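A closer look at the structure
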Amino acid sequence: HHLKNVRLRLGYVVELLGDPMVRDLRAIDVVEIRNKAVEAGKAPRTGNLLVDRLRSMLEWGVANGLIQENPLRHLKRLPDGGKHQRRRRRALSEVEIERFLRAAAEDDAHQFERFRIYGRNWKSVQVGWRIVGHPTRVPQAPLWRFLLETGCRYGETTKLSWADLALYKRLVQLPETITKSGRGRTIPLLPEMVSQLNQLRSVHERVLGRALVSNDRVFLGPAGKPWPWHTANLAKHFERLLAKAGIERDDDQGRRLDIHGLRHSFATRLARAGVGLVHTQRLMGHSDPRLTASAYTHLGVE
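My aim in this report is to walk through the structure given alongside it, one point at a time. (Residues numbered from 1 in each chain as written. Predicted model: local features only at pLDDT ≥ 70, side-chain atom pairs only at ≥ 80, totals over all residues. Heavy atoms only, no water.)

**Some thoughts on the sheet that holds strand 5 (residues 185–188)**
Ordered in space as 3-4-5, the three strands form an open sheet in which the pairing is antiparallel. Pairing within the sheet leaves two strands with one partner each, and these edge strands are strand 3 (165–166) and strand 5. Of the pairings in the sheet, the one linking strand 4 (residues 171–174) to strand 5 comprises four bridges and is antiparallel in character. Residue Leu174 lies in a different strand from strand 5, and its bridge partner there is Arg185. (Pairing = 2+ DSSP bridges. Helix = DSSP H or I, 4+ residues; strand = E, 2+ residues; numbered from the N terminus.)

**Section: the packing of aromatic side chains**
Tallied over the full model, the rule gives four aromatic pairs. Ring geometry for Phe100 and Trp144: centres 5.6 Å apart, planes at 90 degrees, overall edge-to-face. You can see Phe100 sitting in helix 4 (residues 94–118) and its partner Trp144 sitting in helix 5 (residues 141–150), a full 44 residues away along the chain. You can call Phe100 buried: its relative accessible area is 0%. In textbook terms, an aromatic cluster arises when at least three aromatic residues are bridged by ring pairs, as seen for Phe100, Trp144 and Phe238. Between the NZ or CZ atom of Arg201 and the centre of the ring of Trp162, over which it lies, the distance is 4.9 Å. (Phe/Tyr/Trp six-rings, centres within 6.5 Å; stacked < 30°, edge-to-face > 60°. Buried < 20%, exposed > 50% of the residue type's maximum accessible area, 1.4 Å probe, protein only. Lys NZ or Arg CZ within 6 Å of the ring centre and 35° of its normal.)

**Brief notes about the pairing of strand 4**
Only one face of strand 4 is covered, namely the one carrying Val172 and Leu174; the face carrying Leu171 and Gln173 has none of its residues buried. Between strand 3 and strand 4, which follow one another and run antiparallel, lie four residues, and Arg170 among them has a positive phi close to 60 degrees.

**Quick look at helix 5**
Because an α-helix packs 3.6 residues into every turn, residues spaced three or four apart end up facing the same way. Burial runs high along helix 5: ten of the ten residues are buried. Taken together, the buried positions of helix 5 are Ala141, Pro142, Leu143, Trp144, Arg145, Phe146, Leu147, Leu148, Glu149 and Thr150. In the stretch just after helix 5, Gly151 is the one whose phi turns positive, near 70 degrees.

**What about helix 10 (residues 277–284)?**
Listed as buried for helix 10 are Thr280, Gln281, Leu283 and Met284. The buried residues of helix 10 occupy one face: seen down the axis, they fall within an arc of 165 degrees. Seen from the buried face of helix 10, the exposed residues on the opposite side, beyond 90 degrees, are Val278 and Arg282. Phi for Gly285, located one or two positions after helix 10, is positive at around 75 degrees. (Arc of directions from axis to C-beta.)

**Some points on the environment of Glu59**
Within the secondary structure layout, Glu59 lies in helix 3 (residues 44–63). Considered as a pair, Glu59 and Pro71 are twelve residues apart in the sequence and their alpha carbons are 9.4 Å apart. Setting aside residues up to four positions removed in sequence, Glu59 forms contacts with Asn70 and Arg73. A polar side-chain atom of Glu59 sits 3.0 Å from a polar atom in the side chain of Asn70. (Contact = heavy atoms within 4.5 Å. Polar contact = N/O pair within 3.5 Å; in protein donor to acceptor, adjacent residues only side chain to side chain.)

**Details of the environment of Pro20**
Along the chain, the position of Pro20 falls in the loop between helix 1 (2–17) and helix 2 (27–39). Taking the relative accessible area as the measure of exposure, Pro20 reaches 34% and is therefore partly exposed. If we skip the residues at most four places from it in the chain, Pro20 touches Val14 and Leu25.

**Some details on the pattern of salt bridges**
By the definition in use, this model includes 17 salt bridges. In this structure, the salt-bridge partner of Glu96 is Arg90, at a minimum N-O distance of 3.2 Å. In terms of burial, Glu96 and Arg90 fall into one category: buried. Glu94 is the salt-bridge partner of Arg272, the closest N and O atoms lying 2.9 Å from each other. Of this pair, Arg272 sits in helix 9 (residues 261–272) while Glu94 sits in helix 4, placing them 178 residues apart in sequence. The class of Glu94 is partly exposed, set by a relative accessible area of 35%. A single salt-bridge network, built from bridges that share partners, covers Asp52, Arg55 and Arg77. (Salt bridge = Lys/Arg side-chain N within 4 Å of Asp/Glu carboxyl O.)

Encoded structure:
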């Protein structure tokens, strides 16, 4: 996921530069690309990422003796702190969380009925204890509850395998291979989440037509396929649920709710419950406590 993003940004910048030789690369050319991106509505952080990927590649070239110097070594980053963000994220309130999860469950029931009626002409075949070809849609409410109750990132959640769950202990153990920080962490699960995950196992077995193995993904899309590395597909589902729940994406302070905002909602819920900053930082997998502290600002007057 991370590597694919790096390649996309590198390819985009190099293409805009006209595929020059390193000796012909001027810092001002990269600055112009960054400025145009920001003028077109991109956030300063996005503009910085365009430069950072190229700068890192050139630094690697210097370190490995491929080039003599990095022409971008003195290029300063744009300020991209909180007051420079194009749009800030917001967290869900407790009332909104309840409405959102109810809408997710209702949407599953509605979509399953549509799948049953308008889906392909399935024929169920009994093979031992399994039903092959059973017209079952994978429910998505467990995915939304998991995001809200664990604070896991989208990439961590969609890469999670059944081997990473210890349901009898009510724990999820994220391996270092799928976390953004490269460090594993353990997160407790609430009883309702454990119950839904146990039900999800049975659904996956019906959809896949076989017993699950340890490296099978915990969360699959409605048709039983793994979620892609990007959030575009899930974002459409997210917007539909917000509409069903009657939740506005933007609040009166101009803050927007997106999928990553569910992670902010997790941190805010811990703050409401009086959980300390250190514990929240460990649960969220933040390397810097300032990142965790910024999530607490969502509480505001509340």
